[in-house]
Amino acid sequence: MTFLNEVTARFPEAISFAPGRPYEKLFDPDSIAENLAAYRDHLHAQGLDRGQVRTALFQYGRTKGQIHDLIARTVANDEGIHVPADAVVVTVGAQEGMLLVLRALFADPDDVLLVASPCYVGITGAARLLGIPFEPVPETDAGLDVGRVAEAVGRVRAAGRRPRALYVVPDFANPSGASMSVAQRERLLALAAAEGLLVVEDNPYGFFTGVDVRVPTLKALDRDRSVVHIGSFAKTCFPGARLGYVLADQRVVAADGSTSLLADALAQVKSMTTVNTPSLSQAVIGGLLVRSGCRLREANAEGIAFYRRNMALLLAELGRHFPPGSGVRWNTPAGGFFAVLTVPFAADAAALEVSAREFGVLWTPMESFHLDGGGRDRLRLSCSYVDPEELVEGVRRLAAFIGSR
């Protein structure tokens, strides 16, 4: 990430397919004040007087968050996920959610985290930071293969260790863009229940489907409380608010036999890290949820349409510039932000430098996401951050670069 930021800063005129950032023109600065006012009015409508509203907005807040009830209503409306509001932990972005979940779940040195490969670097980075070993599960073009998950579980157990949890992005994964079918999801949940394996579902891109038929999240299909669900408002609402959440409705049994929610264990860890999530960020997002009737899919209709068009345009332009026999191939994600090209050369940092300097186009090498030494001939393209006109020109420049190699 540091390298990509540095390259982007040195070549500001380059068209960038590197960052998985939301499209900025979807944001309206005036909406911040409107959302704050809506949340203030919501608190008054809940019976809080002026002094209590002042405390809610200006003071340290509840460790598990203040807008937990609004989030619970929103995931019920948008995803068919039904958890009690007390099972919601509001976090400083999805990244803190990952850190809290890993710290709470992995207590034994023999506990192992299973991760898809290629994998989002945030989860493997958090695991490294906490000294948690992880086992890669090779991903296919059709998403995470449950048979390979079962093989990884067997390898870990045969080594005398315990497969504690599996991290997966089932919808339009970062970096691959791959998704799991409903049948795969059901098989994964059956395996998790049989093996006592928790599934950590990360769902930042689920809204941005390129088709009208929605696939249920793992948490919506979860009948055994096998899934801990991590969500974020970064892609759907306001990246700068740095607001995410964890849905953790599993029951935890203490040594004395008492039980509590896993969400409470996450809150204990959070109380020793960020203490609480900023009240002002929660107020901005809370106001947006109130204004949307806790239905973010409807509120994101414009963004969903934009990302759908951009992904279709990216795939069409790749087809125009790289006909069959060109030696270049790519996957065709059904939505999300990312597609992956396979090229007949090493798509590494040195190649990216040439691409930026001589051809004015940026992309992300895939080798950093692979945990098994793969990905050297693959590059990730993000279509989320560019105007359509820039996207067309960017693919033209990319084709010129690839042709030069």
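Our subject in this report is the structure included herewith. Fair warning: this is a prediction, and the values are worked out from it, not measured in the lab. (Residues numbered from 1 in each chain as written. Predicted model: local features only at pLDDT ≥ 70, side-chain atom pairs only at ≥ 80, totals over all residues. Heavy atoms only, no water.)

Focus on the overall build of the chain
Moving on, step 1. Each helix and strand in the chain was counted, giving 15 helices and 16 strands.
Moving on, step 2. Taken over the C-alpha atoms alone, the chain extends approximately 65 × 55 × 40 Å along its principal axes.
Moving on, step 3. Burial status across the chain gives 53% buried among its 405 residues.
Moving on, step 4. A separation of at least 24 residues holds for 73% of the contacts in the chain among residues at least 6 apart in sequence.
Moving on, step 5. Here the chain has roughly 17,100 Å² of accessible surface; of this, 53% comes from carbon and sulfur atoms.
Moving on, step 6. Looking at the chain, you have 41 positive and 45 negative side-chain charges, and the mean spots of the two groups are 1 Å apart. (Helix = DSSP H or I, 4+ residues; strand = E, 2+ residues; numbered from the N terminus. Buried < 20%, exposed > 50% of the residue type's maximum accessible area, 1.4 Å probe, protein only. Contact = heavy atoms within 4.5 Å. Areas by Shrake-Rupley, 256 points an atom, 1.4 Å probe, with all protein chains shown as cover. Lys, Arg positive; Asp, Glu negative; His and termini not counted. Charge placed at Lys NZ, Arg CZ, Asp CG, Glu CD.)

With respect to empty space enclosed by the protein
Moving on, step 1. Counted under the stated rule, the structure contains 2 cavities of 30 Å³ or more.
Moving on, step 2. For the largest cavity, the calculated volume is near 190 Å³.
Moving on, step 3. Surrounding the largest cavity, 17 residues form its lining, Glu79, Phe207, Ser232, Thr236 and Tyr245 being those nearest its centre.
Moving on, step 4. For the lining of the largest cavity, the secondary structure elements donating two or more residues are helix H4 (68-79) and strand S8 (227-232).
Moving on, step 5. At 5 residues, H4 tops the list of elements feeding residues into the lining of the largest cavity.
Moving on, step 6. Broken down by class, the residue content of the lining of the largest cavity amounts to 8 nonpolar, 7 polar and 2 charged.
Moving on, step 7. Around the second largest cavity sit Ala116, Pro118, Cys119, Tyr120, Glu139, Tyr167, Val168, Val169, Ala173 and Asn174, which together line it.
Moving on, step 8. A per-class count over the lining of the second largest cavity returns 8 nonpolar, 1 polar and 1 charged. (1 Å grid on protein atoms, 1.4 Å probe; cavity = no way out; pocket = protein on both sides within 12 Å on 5 of 7 lines; lining within 4 Å. Points joined across faces, edges and corners; volume = space filled by probe spheres on them. Nonpolar A, V, L, I, M, F, W, Y, C, P; charged D, E, K, R; others polar.)

Section: the layout of surface pockets
Empty space among the atoms becomes apparent when a probe as large as a water molecule is rolled across them.
Moving on, step 1. Space inside the largest pocket adds up to approximately 1,300 Å³.
Moving on, step 2. Around the largest pocket, the lining is made up of 49 residues, and of these Met1, Pro19, Gly20, Arg21 and Arg380 lie nearest the centre.
Moving on, step 3. Of all the secondary-structure elements, those providing two or more residues to the lining of the largest pocket are helix H1 (2-10), strand S1 (15-16), helix H5 (93-105) and strand S15 (364-365).
Moving on, step 4. Sort the elements by how many residues they give to the lining of the largest pocket and H1 lands first, with 4 residues.
Moving on, step 5. Within this model, the second largest pocket holds a volume of roughly 540 Å³.
Moving on, step 6. As for the second largest pocket, its lining consists of 22 residues, and the residues nearest its centre are Leu26, Phe27, Ser31, Cys237 and Leu288.
Moving on, step 7. Going through the elements one at a time, helix H2 (30-45), helix H11 (279-291), helix H12 (296-299) and helix H13 (301-321) are the ones with two or more residues in the lining of the second largest pocket.

Observations regarding the environment of Val343
Moving on, step 1. Mapped onto the elements of the fold, Val343 is located in the loop between strand S13 (338-342) and helix H14 (349-359).
Moving on, step 2. Exposure remark for Val343: the relative accessible area of 3% places this residue in the buried category.
Moving on, step 3. Separated by 14 residues in sequence, Val343 and Arg329 place their C-alpha atoms 7.0 Å apart.
Moving on, step 4. Val343 has contacts with Gly327, Val328, Asp377, Leu379 and Ile402, leaving out every residue within four places of it along the chain.

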